[in-house]
Amino acid sequence: MRQMALTTFVMPLGYHRNSWRRPGSRAEEVPGLDFLTDIARTAEAAKLDALFFGDIVHATATMRGDTMMNGFFEPMTTLAALAARTENIGLIGTLSTSMYEPYNAARLLASLDHLSGGRAGWNIVTSADGYRNFGIPAAPDPELRYRRAAEFVSVVRQLWDSWSDDAVVVDRASGAWLDTAKLRRIDFEGEFFQVEGPLNMPRSPQGRPVLVQAGSSGPGMALGTAVADAIYTAQPDYRQAVEFYASVKKMIADAGRNPDQVKVLPGIVPVVADTQAEADEIAAELSSFLDVEQGRTQIAGDLGVDLSDLELDEPVPVERFDGIGKLSSRQGIYRRKSVEQGLTLRELIFDRARSTGHQWIAGTPATIADRMQEWFETPACDGFNLNSPYNPDGFERICTKLVPELQSRGLFRSEYAGPTLRDQLGLPRPDVRF
Ligand SMILES: Cc1cc2nc3c(=O)[nH]c(=O)nc-3n(C[C@H](O)[C@H](O)[C@H](O)COP(=O)(O)O)c2cc1C
């Protein structure tokens, strides 16, 4: 029977903006490894497939008072620390193809895969902002960024395959630790990179760490469907999620790959309680922590337009969106909510604060599981990326109430399937290809 993949987007301060203000949030402990470890172990006790760490390489949103992004950690170092404190859970970290060199990225991820016994995953992003921290005056256009990303991923994969699996021989009699005939230079010469190779470490336990991609625009989908093992996406609307799923699966097949081996994982923000009344109460409490004017600044920042003159109880006029130029997929979600669904600016601010464009739901384990089951079986997805609305209590409820409900319905594993992240996701270990 087909089962869900479940990962969690780790944000120690909570996915819901300002939810850290809730008593019991442990907000004083961010950034800190002990709090993170508790989150990781809660996730592992629920047998989640993986922890997922996003990354943005600038403080622009932080300067607008937006604390939700990943708790300030650099993903690879953090996941390496968590590898030592967990046993089974997958460790997916974001590394930008616009800010790194493929050789560094290949080493970092292969190291994490070795250190964790085969639990590493890479969320491939191209970064929309932060370039001035790297001596680049402005963000290159998406088409160029994704061209670089495609070449980057290709180089990294060749480096991971530059050692045969049997290159390490450890022959005490002959004195050969390594059979150097089983290492290959890659001699890559491309538009963006020149890389000699081979990599300076043995092939990692998974052969290739799990590849994840998280952009839903045309070039983002082209990259994801060509290379990724899992695709993250923001899909607040059921009908559109079904369409997105069908078109992604078709693109995967068109790229000559097996659509069953690429998981489509939309985000969901579940507020879990024993009764609907309690769930609604928690949701209202979380909203009470918001500062509407701060929210206005943040949403204006996301859109890159001035909203300071707008009435809070009127929708954002369509011309504001039309002035942006080409919308990112997230900006497109705000536009639909505003223009098609008629949300006022105030409603949009609250909606963004709780969901950032993902699916949001407050309810009992049974009602939330009903929704997830419907999406999974229709199909609109192969599982979910769970965004915990507030921590640690909100995440504990997800892991001890919602996940067991999914397990009791046979929709999710009750035990880990094996030692590696590929095992959890049902993905084969790839042979050396290059
Ligand atoms: C669940 C999810 C997580 C993401 N995480 C990151 C991230 O950590 N860092 C980043 O730079 N972009 C991240 N993105 C943004 C995407 O990589 C992409 O840049 C964005 O969705 C805009 O591109 P698009 O128009 O192709 O969707 C994430 C997107 C989604 C849906």
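Cut-offs applied
Residues numbered from 1 in each chain as written. Predicted model: local features only at pLDDT ≥ 70, side-chain atom pairs only at ≥ 80, totals over all residues. Heavy atoms only, no water. Near = heavy atom within 4 Å. Polar contact = N/O pair within 3.5 Å; in protein donor to acceptor, adjacent residues only side chain to side chain. Areas by Shrake-Rupley, 256 points an atom, 1.4 Å probe, with all protein chains shown as cover. Helix = DSSP H or I, 4+ residues; strand = E, 2+ residues; numbered from the N terminus. Nonpolar A, V, L, I, M, F, W, Y, C, P; charged D, E, K, R; others polar. Buried < 20%, exposed > 50% of the residue type's maximum accessible area, 1.4 Å probe, protein only. Contact = heavy atoms within 4.5 Å. Disulfide = S-S within 2.5 Å. Core = buried A, V, L, I, M, F, W, Y, C linked by side-chain atoms within 4.5 Å. Salt bridge = Lys/Arg side-chain N within 4 Å of Asp/Glu carboxyl O.

Under an unreviewed UniProt entry, the name given to the protein is Monooxygenase, and the source organism is Microbacterium album.

Another aspect to go through is the site of the ligand. Lining the immediate environment of the ligand, one finds 19 residues, of which D55, A214, S216, S217 and S329 sit closest. Between the ligand and A214 there is a distance of 3.2 Å, counted from an oxygen atom to a backbone nitrogen or oxygen. For the ligand, an oxygen atom lies 2.6 Å from a polar atom in the backbone of S216. A total of 610 Å² of accessible area belongs to the ligand in isolation, and the protein chains cover 87% of it. Put simply, the parts of the chain that give the shell around the ligand at least two residues each are β4 (120-125), β10 (230-233) and α11 (329-340). Tallied by class, residues from the shell around the ligand come to seven nonpolar, 10 polar and two charged.

Let us now look at helix α12 (residues 345-355). At 3.6 residues per turn, the α-helix brings residues three or four places apart onto the same side. Considered for burial, the residues of α12 that qualify are L345, L348, I349, D351, R352, A353 and S355. Contact partners of the buried residues in α12: β11 (263-272), α9 (292-303), α11 and β12 (359-363). Looking one or two residues past α12, T356 carries a phi angle of roughly 45°, positive in sign.

Under the counting rule described, the total for this entry stands at zero disulfides. C381 carries a free sulfur, and the closest cysteine sulfur to it, the one in C399, is 18 Å from it. You can call C399 buried: its relative accessible area is 5%.

This part covers the nonpolar core. If you look at the biggest cluster of nonpolar residues, it comprises 73 residues, and the most contacted ones within it are L6, L48, W122, W160, M372 and L406. In terms of residue count, the dominant contributor to this core is helix α5 (residues 142-160) (eight residues). With sequence-adjacent residues up to four places away left out, L48 is seen in contact with L6, T8, A43, I89, L386, F395, C399, V403, F412, R413 and Y416.

Moving on to the environment of E340. Here E340 lies in helix α11. Looking at E340, the relative accessible area reads 59%, which means it is exposed. Through-space distance from the C-alpha of E340 to that of V318 is 9.7 Å; in sequence the pair is 22 residues apart.

One pass over the full model with this rule turns up 34 salt bridges. Between D66 and R352 there is a salt bridge, with the nearest N and O atoms lying 2.9 Å from each other. Highlighted residues: D66 in the loop between α2 (60-63) and α3 (75-83) and R352 in helix α12, separated in sequence by 286 residues. Overall, D66 belongs to the buried group, its relative accessible area being 7%. Exposure remark for R352: the relative accessible area of 3% places this residue in the buried category. Between D187 and R185 there is a salt bridge whose closest N-O contact spans 3.1 Å. Residue D187 is classed as partly exposed on the basis of its relative accessible area, which comes to 43%. Residue class for R185 comes out exposed when judged on its relative accessible area of 52%. Connected via shared salt-bridge partners are R22, E278, E285, D393 and R397.

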